[in-house]
Amino acid sequence: MAQLKRVGVLTGGGDCPGLNAVIRAVVKTATRDCGIEAYGVEDGYEGLVEDRIRPLSYDDVSGILTAGGTVLGTSNRGSPFGYCEPGMEEQGPQDRAESAVANFRKAGLDALVCIGGDGTLSVAHRLGQQGIPIVGVPKTIDNDVCETDVTFGFDTAAQIVADAVDRLHTTAQSHHRVMVIETMGRYVGWLALVGGIAGGGDIILIPEIPYSLQSVCEAVRERGRRGRRFSIVVISEGVRPPGGDYVARQRVEESHEQLRLGGVGVWLARTIEEMTGIESRAAVLGHLQRGGTPTARDRVLATQFGREAMAAAARGEFGVMVALKGNQITSVPLEKVAECRRPVDPECQLVRAARSVGTSFGDD
Ligand code: F6P
């Protein structure tokens, strides 16, 4: 543990509940257990390129365990390998990896803990190849990072989806409507699946399971025949209309994932209403799923991840990401995580359980 003197920590990509808990665990473990100074990099990789790096003391991170968001700020645009200078976007993305490495060295850092999803971790892997000793920590409400059973932030987001489904249940029931609830999750269906099962969704549509509109509408009608005059449909934002393309609200050129999905739920509600004649409404949960205090499970997982990331750095174990496998926190090579996405297996136990309690995936 002795050689390391200074460790940096940054949060990249979309925020999610539990980021502060990881920062706290990294800084406290560094200063308390390892006698290492900790530094925070502001706004993800932007702060590394622009040299916004500041000391973080044990006291600085006291009291942030339960706070949502990230005290360091974050960005999902600032990759040093395709950096768009704020205010100079017209000149296009520039390779600023050299500045990032130079600023890392100028701050006297010996290691960098990068907390992020697949985009942030892919950049981390490339920075590792440029000579920065990296330890990654898997975060995202999408739960799509490879080589870990789960990411922190997912449990909280799934709970928010379940709470929303509960609330929308009563209004759907009162008005005898179909209520379509659109979740985030990008190109994988974990959030819609777990939140939908927890909330008792009648129909769950995820990108990994092809569906037909006839089957979705038949499931709604069948409920009606059994006296259920309302239906709850949970749809992931990454579901495409049959034969169509992703529904997006925005394109962000300078981002790792350029398409900002959103809006498929509104299309589905309109289509169900047209096909069944049953009044339908859509609710897009959006960024609500990323806000607020983390669940107990996420606080604990984030604390364990932060502690183990710091311990790996102190052991000199770099080019790795901490991961949960079974009940154990372990570490995996970053190269196996970079540019990788973990989808839902359509045959997994979760899907089977949902089917057994009568949930339709629109493929019957
Ligand atoms: O990756 C997390 C996530 O919340 C996705 O579920 C969603 O598609 C995306 O980020 C939204 O990004 P932004 O905050 O840039 O709109």
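Everything below is about the structure shown above.
Residues numbered from 1 in each chain as written. Predicted model: local features only at pLDDT ≥ 70, side-chain atom pairs only at ≥ 80, totals over all residues. Heavy atoms only, no water.

A. Highlighting the state of the cysteines. This structure, assessed with the given rule, holds one disulfide. Across a sulfur-sulfur distance of 2.0 Å, C146 and C340 are joined as a disulfide pair. Looking along the S-S bond of the C146-C340 disulfide, the torsion reads about -85 degrees, which is the left-handed sense. In this pair, C146 sits in the loop between β5 (134–138) and α5 (154–175) while C340 sits in the loop between β13 (328–333) and α10 (349–356), placing the two residues 194 residues apart along the sequence. With no disulfide of its own, C34 has C114 as its nearest cysteine by sulfur position, at a separation of 18 Å. Take C34: its relative accessible area is 14%, and that puts it in the buried class. Looking at the unpaired C114, the closest cysteine sulfur is the one in C16, lying at 15 Å. (Disulfide = S-S within 2.5 Å. Helix = DSSP H or I, 4+ residues; strand = E, 2+ residues; numbered from the N terminus. Buried < 20%, exposed > 50% of the residue type's maximum accessible area, 1.4 Å probe, protein only.)

B. Focus on the site of the ligand. In the neighbourhood of the ligand, the contacting residues comprise N76, I141, D142, M184, G185, R186, E237, R249, R260, H287 and R290. Contact between the ligand and D142: an oxygen atom at 2.6 Å from a side-chain N or O atom of the residue. In this structure, an oxygen atom belonging to the ligand sits 2.9 Å away from a side-chain N or O atom of H287. Protein coverage of the free-state accessible area of the ligand, which is 400 Å², stands at 89%. Counted by class, the shell around the ligand contains two nonpolar, three polar and six charged residues. Of the domains in this structure, domain 1 (6–152 + 292–336) and domain 2 (157–289 + 345–356) are the two that each give at least three residues to the shell around the ligand. (Near = heavy atom within 4 Å. Polar contact = N/O pair within 3.5 Å; in protein donor to acceptor, adjacent residues only side chain to side chain. Areas by Shrake-Rupley, 256 points an atom, 1.4 Å probe, with all protein chains shown as cover. Nonpolar A, V, L, I, M, F, W, Y, C, P; charged D, E, K, R; others polar. Domains from an automatic or database assignment.)

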